Amino acid sequence: CEYMTADGFVLDLACPEDRLAIEVDGADHFVRTPDEAFPLVLDGATQFKQRLLRHAGWHVISIAEYEWKQLGTAESKLAYLAQKLSVSGLLARTKQPTVARDKK
């Protein structure tokens, strides 16, 4: 379920009240580099969109789809999201994410 901002940007996920945009970036958002330390970087169009969003007051979190798929468990994914929110300074302002469990 995508979200469209007032400026016409389409976001993968959004929390408008916190101006938080979460973009899940697939392989078509990356280019290869000769740098072995950073073999994949976001392409120019994706970086430009993120700069425009930040200029419009949004906090942008980019999630590489290939990293997300490697995480496996829900707990690993929550830890990954918490780390991304923490790095951006947003974790303290948001609720701590939790995993819903079935009651037995």
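Criteria and thresholds
- Residues numbered from 1 in each chain as written.
- Predicted model: local features only at pLDDT ≥ 70, side-chain atom pairs only at ≥ 80, totals over all residues.
- Heavy atoms only, no water.
- Helix = DSSP H or I, 4+ residues; strand = E, 2+ residues; numbered from the N terminus.
- Expected span 1.5 Å × (residues − 1).
- Buried < 20%, exposed > 50% of the residue type's maximum accessible area, 1.4 Å probe, protein only.
- Contact = heavy atoms within 4.5 Å.
- Phe/Tyr/Trp six-rings, centres within 6.5 Å; stacked < 30°, edge-to-face > 60°.
- Arc of directions from axis to C-beta.

> Please explain helix H3 (residues 74–87) as it appears in this structure.
Side chains that are three or four residues apart share a direction in an α-helix, a result of its 3.6 residues per turn. The terminal C-alpha atoms of H3, which comprises 14 residues, lie 20 Å apart, in line with the 20 Å expected from a rise of 1.5 Å per residue. When H3 is considered as a whole, its buried residues turn out to be Leu-78, Tyr-80, Ala-82 and Leu-85. In this structure, the buried side of H3 is in contact with strand S4 (20–25), strand S7 (59–64) and helix H2 (65–71). Of the residues flanking the end of H3, it is Gly-89, one or two places downstream, whose phi is positive at about 80°.

> Would you mind going over the packing of aromatic side chains with me for this structure?
Under the counting rule described, the total for this entry stands at three aromatic pairs. Ring centres of Tyr-3 and Trp-58 lie 6.2 Å apart, and the angle between their planes is 55°; on these two criteria the pair is classed as tilted. On the criterion of sequence distance, the pair formed by Tyr-3 in strand S1 (residues 3–4) and Trp-58 in the loop between helix H1 (44–55) and S7 is long-range, its members being 55 residues apart. The class for Tyr-3 is partly exposed, based on a relative accessible area of 30%.

> Help me out: how do you make sense of H1 in this one?
Under the 1.5 Å per step criterion, the end-to-end length of H1 is 16 Å for 12 residues, consistent within 8% with the ideal 16 Å. Buried within H1 are the following residues: Thr-46, Gln-50 and Leu-53. Around the axis of H1, the buried residues are gathered within 60° of arc, so they sit on the same side. Exposed side chains of H1 directed beyond 90 degrees from the buried face belong to Gly-44, Ala-45 and His-55. On its buried face, H1 is in contact with strand S2 (10–11), S4, strand S6 (40–42) and S7.

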